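# Report on the structure
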Amino acid sequence: MRITKAALSICVGAAALAFCAQAYASSKADAPVAARIIERAGIDIVSPLLLPAVSTATVATAGTSGIATGTSARAVSSGVGNATLTIHGQSGDAVSMAVPETFRVVRDGGTEALTVKTNTSADGGALMNGDTMSVNVGGNVNLASGDGLVPGPYNGLLVVVVQYN
Amino acid sequence: MNLRNILLGAISVAAVAAMADSAAAQSTGTSATATAPAAAKIIQPLTMTAVSNTALNFGTVTLGTTASTVTLTAASTTTRGKTGDIVLVTSGAQSSAPSAAQFTAAGEPSAAITVTAADVTLTSGSNHLTVNPAFAGGSNASGTTTYVTALDNTGSLALPVGGTLNLPANMVAGAYSGTLSVTVTYN
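Let me sum up the structure you'll find in this document.

What counts and what doesn't
- Residues numbered from 1 in each chain as written.
- Chains lettered and ligands numbered in written order.
- Predicted model: local features only at pLDDT ≥ 70, side-chain atom pairs only at ≥ 80, totals over all residues.
- Heavy atoms only, no water.
- Helix = DSSP H or I, 4+ residues; strand = E, 2+ residues; numbered from the N terminus.
- Buried < 20%, exposed > 50% of the residue type's maximum accessible area, 1.4 Å probe, protein only.
- Polar contact = N/O pair within 3.5 Å; in protein donor to acceptor, adjacent residues only side chain to side chain.
- Contact = heavy atoms within 4.5 Å.
- Buried area = accessible area lost by both parts, 1.4 Å probe.
- Salt bridge = Lys/Arg side-chain N within 4 Å of Asp/Glu carboxyl O.
- Nonpolar A, V, L, I, M, F, W, Y, C, P; charged D, E, K, R; others polar.
- Patch = residues over 30% accessible without salt bridge, like charges linked within 9 Å, V, L, I, M, F, W, Y side chains within 5 Å.
- Areas by Shrake-Rupley, 256 points an atom, 1.4 Å probe, with all protein chains shown as cover.
- Core = buried A, V, L, I, M, F, W, Y, C linked by side-chain atoms within 4.5 Å.

This part is about the side chain of E112 of chain A. Residues and elements named next belong to chain A. Tracing the sequence through the fold places E112 in the loop between β7 (102-107) and β8 (113-120). For E112, a relative accessible area of 17% translates into the label buried. One polar contact links E112 to R107, side chain to side chain, over a distance of 2.6 Å.

In structure tokens form, the structure reads like this:
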């Protein structure tokens, strides 16, 4: 059976019309999707702040107006050191660190307290040069701040806060 | 009139009659005519458009150590939630405002439609995450979310798209991106 050109044209036209009809019965659009995962900001304590044990003695000094007494002190222990902290964060991001200027240590089993003045290698803000950063925190004790310098171990809590800027 | 002529005439008449009968049968057996009603309806073409400058953005989270998820509700103002030990970052230079993608379907008023969206793969380098899209209704099965609904009486429908971002326990930090495709079809 021979198919005439006219008949073939009609068939092609009908197929095109069907395709167009399907295109107008359905439609699609796109939108972007995004998410970001960053390193958690945190602090690991590698080593605590250890202050030296101090031996104290009463000293009597004879002066022109009589005998005056005072207290002398000297460190007697070794193995002391600064607190070493490892800061975790996202490389390239800025973090800020807050270290208190002073904190209190209290005698175990008692109420006598000493004031520790801190010093640190990275106070304020810093830029993470990698996923971790090491920070030292040292301190010194003003014995004159003590209440009668009662012998015994003294302990306290140094609180350091790190956060992304 | 002799008998021969009569017979010839009868034969002729019979032949003519036979031919006539044959002609009547052909005219009614080779063609036929019937009638049936015909109808057509012209409807509006269906379109789907992404609202400009909107994205499905899950924002920033911190690394976790357990399998976790981040969810965004399908709403014009989305709500972000999470499962697992990740932390949602809400402030600072690393954060970005979470958002649902916004689309608009338009076509024949009150027409029934089906909206579909396949799961999306987000990529950061060689690392991949999977997003299950979510509409205001419908469900996700076999990697595709399907929502059967209808255009309103003006022929329009706003389609916010949220979803669930799946984070494996061994997730890797990075900026992930992908493309969400949403298709609408007349039922």
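Text resumes after the structure shown.
Here we take up the interface of chain B and chain A. Listed as interface residues are 48 residues of chain B and, on the opposing side, 21 residues of chain A. Roughly 2,600 Å² of surface becomes buried between chain B and chain A when both sides are summed, with 54% attributable to carbon and sulfur atoms. Counting across the interface, chain B meets chain A through zero salt bridges. Across the chain B-chain A interface, the total number found is 19 residue pairs in polar contact (both at pLDDT 80 or more). Among the elements that line the side of chain B that touches chain A, the one with the most residues is strand β13 (residues 174-186) of chain B, at 13 residues. Tallied by class, residues from the side of chain B that touches chain A come to 30 nonpolar, 17 polar and one charged.

Across all of its chains, the model carries one salt bridge over all chains by this definition. Ionic pairing is found between R107 of chain A and E112 of chain A, a salt bridge with its closest N-O pair at 2.6 Å.

Taken together, the side chains of L157, V159 and V161 of chain A define a hydrophobic patch exposed on the protein surface, amounting to about 300 Å² of accessible area. Here V161 of chain A is to be found in strand β12 (residues 161-164).

Side chains of a nonpolar character, in soluble globular proteins, are inclined to be buried together. If you look at the biggest cluster of nonpolar residues, it comprises 39 residues, and the most contacted ones within it are F103 and L180 of chain B. Residues within four places of L180 of chain B in sequence aside, it is in contact with A29, D30, A31 and V33 of chain A together with L56, A101, F103, A117, V120, P133 and V161 of chain B.

For the rest of this paragraph, the subject is the environment of G155 of chain B. Residue and element names in this part refer to chain B. For G155, the position within the fold is in the loop between β11 (144-150) and β12 (156-167). Through-space distance from the C-alpha of G155 to that of S110 is 6.1 Å; in sequence the pair is 45 residues apart. Aside from chain neighbours lying at most four places away, what touches G155 is A105, A106, G107, E108 and P109.

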